[in-house]
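Residue-level listing of the chains:
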Amino acid sequence: MTHKNTEFVLALKLTATPIYCDLSTIWSIIGKLEREHLPLNFLPRMKHRKLKNSELGRPSPSEYQKKSKSNVIIVLDNVRSLNNVGSVFRTAEALMVNKIYLCGITATPPHKDIQKTALGATESVEWEYRKDTLELVQELKNSGVFVVSVEQAENAQMLDEFEVDTTLTYALVFGNEVKGVQQDVVSSSNTVIEIPQFGTKHSFNISVSVGVVLWDLFSKMKSS
Ligand SMILES: C[S@@+](CC[C@H](N)C(=O)[O-])C[C@H]1O[C@@H](n2cnc3c(N)ncnc32)[C@H](O)[C@@H]1O
């Protein structure tokens, strides 16, 4: 209930839970309470009320298909864990990734272990399986895509210093949980970006690194 930009909850001392209702209902309840000399309280509506899924304004899967996507492609180079693959789909869907290439041993949907973390995102994001990551990278480069290996490598650009060019289409290559992105794929990329880390662990989980890099690029593209 909104009145002059102020939201109220009518909290009756006699009830365990607040009653949410429109202004006219509130006035009629107040009248009744006054007539019967019953106590009542007005409380400000709770701060930062958590939203219900229905209030998030998400597009339906068919509306999502029609929306224009970002100029970012993801390439998964031999990712072993199906949960990681699903998680990448979920993040990619949220940030309007154009397409995901699943390469080498990377599993493909449909699979229950991908679905566990993708939560249906495999139905919205376009994907394709490729046996050979290096061949794909060459093909993408030939078609004008700027290929970025996301990896810890000599002379890598740190993510926070990486400047985006909104006229380019980017393919971001992420690697295997143990071996990382294959060296020949790293070597043939246009550039390499590394996410700075400050703790004792050598690397991020691959799906976490996808989230970090995608959000960084997404926000840089939005503001440039
Ligand atoms: C668990 S890491 C692989 C670590 C492996 N020891 C290696 O040699 O790369 C899986 C993938 O996540 C990404 N990744 C994780 N941490 C990263 C970081 N700090 N900078 C860039 N990429 C990272 C890379 O794509 C990497 O191939």
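All values derive from a computational prediction rather than experimental measurement. Residue indices begin from 1 for each chain and proceed along its sequence in written order. Restriction of local features to residues with pLDDT of at least 70 applies here, the model being predicted, together with a cutoff of 80 or more for giving and counting side-chain atom pairs; totals for whole chains, interfaces and linings are based on all residues.

### Points about the overall build of the chain
Argument step 1. The way it works is that DSSP assigns letters per residue, a run of H or I at least four long becomes a helix, a run of E at least two long becomes a strand, and they are numbered from the N terminus. When helices and strands are tallied, the chain shows seven helices and ten strands.
Argument step 2. Put plainly, a residue is buried at 20 or more neighbouring C-beta atoms within 10 Å of its own, exposed at 12 or fewer, and partly exposed in between, counting only other residues' C-beta atoms, which are placed from the backbone. A total of 224 residues make up the chain; the buried ones form 27% of that total.
Argument step 3. The contacts of the chain with a sequence gap of at least 6 include a subset with a gap of at least 24, amounting to 79%. Remark: residues whose backbone-derived C-beta atoms lie within 7 Å of one another are considered to be in contact.

### Concerning the site of the ligand
Argument step 1. For each residue, a C-beta position is placed from the backbone atoms; the residue is near a molecule or strand when that point lies within 6 Å of it. As a matter of local geometry, the ligand sits amid 17 residues, with Gly-175, Gly-180, Ser-203, Phe-204 and Ser-209 nearest to it.
Argument step 2. In this count, Pro and Cys sit with the nonpolar residues alongside Ala, Val, Leu, Ile, Met, Phe, Trp and Tyr, while Asp, Glu, Lys and Arg are called charged and the others, Gly among them, polar. A per-class count over the shell around the ligand returns six nonpolar, seven polar and four charged.

### Points about the nonpolar core
Argument step 1. Ile-74, Val-75, Leu-76, Ile-100, Leu-172 and Val-173 are the most contacted members of the largest nonpolar core, which has 41 residues in total.
Argument step 2. Discounting chain neighbours no more than four positions away, the residues touching Val-173 are Val-75, Asp-77, Val-137, Val-147, Val-148, Ser-149, Val-150, Val-181, Val-185 and Ser-189. Put simply, a nonpolar core is buried Ala, Val, Leu, Ile, Met, Phe, Trp, Tyr and Cys residues tied into one set by C-beta atoms within 7 Å.

### A short note on the sheet that holds strand β4 (residues 72–77)
Working definition: the strands of a sheet are paired by backbone hydrogen bonds and lie parallel or antiparallel to each other.
Argument step 1. DSSP bridges decide pairing: two strands pair if at least two such bridges lie between them. In space, the seven strands of this open sheet follow the order β6-β5-β4-β9-β7-β10-β8, with parallel pairing throughout. Either end of the sheet is taken by a strand with one partner, and the two such strands are β6 (127–130) and β8 (157–158).
Argument step 2. With three bridges joining them, strand β7 (residues 146–150) and strand β10 (residues 191–194) adopt parallel strand pairing. In the sheet register, Ser-149 faces β10, and the bridge partner there is Val-192.
Argument step 3. As a rule, the C-alpha atoms of each element are fitted with a line to give its axis, helices using only the stretch in contact, and angles between N-to-C directions run from 0 to 180 degrees. Along the sheet, helix α7 (residues 206–223) contacts β4, β7 and β9 (170–174); its crossing angle with β9, the most-contacted strand, is approximately 160 degrees.

### Some thoughts on the packing of helix α3 (residues 82–94) against α7
When two helices pack together, their arrangement is given by the angle between their axes and by how far apart the axes lie.
Argument step 1. Between α3 and α7, the least distance of the axes is 8 Å, while the angle of their chain directions is 15 degrees. With respect to each other, α3 and α7 are oriented roughly parallel. α7 is crossed by α3, and the crossing has right-handed handedness. Seen from α3, the contacting residues are Asn-84, Ser-87, Val-88 and Thr-91; seen from α7, they are Ile-206, Ser-207, Val-210, Gly-211 and Leu-214.
Argument step 2. A per-class count over the contact of α3 with α7 returns four nonpolar, five polar and no charged. Any angle that falls under 35 degrees is termed roughly parallel, while one over 145 is termed roughly antiparallel, one within 65 to 115 roughly perpendicular, and all others oblique. Handedness of a crossing is defined here by the sense of rotation of the near helix relative to the far one, left-handed for an anticlockwise turn of less than a right angle and right-handed for a clockwise turn.

### Quick word on the confidence of the model for the chain
Argument step 1. A score from 0 to 100, pLDDT tells how confident the predictor is in each residue. Averaged over every residue, the pLDDT of the chain is 89; the share at 70 or more is 88%.
Argument step 2. Predicted confidence is poor over residues 1–8, with pLDDT under 50, and the contacts of this stretch with residues over four places away or in other chains come to 13 contacts.

### Remarks on the environment of Val-213
Argument step 1. As for its position among the elements, Val-213 is in helix α7.
Argument step 2. On the basis of neighbour count, Val-213 is assigned to the buried category, with 24 C-beta atoms found within 10 Å.
Argument step 3. Separated by 41 residues in sequence, Val-213 and Leu-172 place their C-alpha atoms 8.8 Å apart.
Argument step 4. Discounting chain neighbours no more than four positions away, the residues touching Val-213 are Val-150, Leu-159, Leu-172 and Ile-195.

### Things to note about the pairing of β4
Argument step 1. Among the six residues that make up β4, six are buried, leaving the element largely enclosed by the rest of the structure.
Argument step 2. Side chains Val-72, Ile-74 and Leu-76 of β4 all project onto a buried face; the interleaved residues Ile-73, Val-75 and Asp-77 project onto the opposite face, where all are buried too.
Argument step 3. Two elements, β4 and β9, share five bridges in a ladder whose sense is parallel. In the sheet register, Leu-76 faces β9, and the bridge partner there is Phe-174.
Argument step 4. Here β4 pairs with strand β5 (residues 99–103) via five bridges, running parallel. Residue pairing across strands places Leu-76 opposite Leu-102, the latter belonging to β5.

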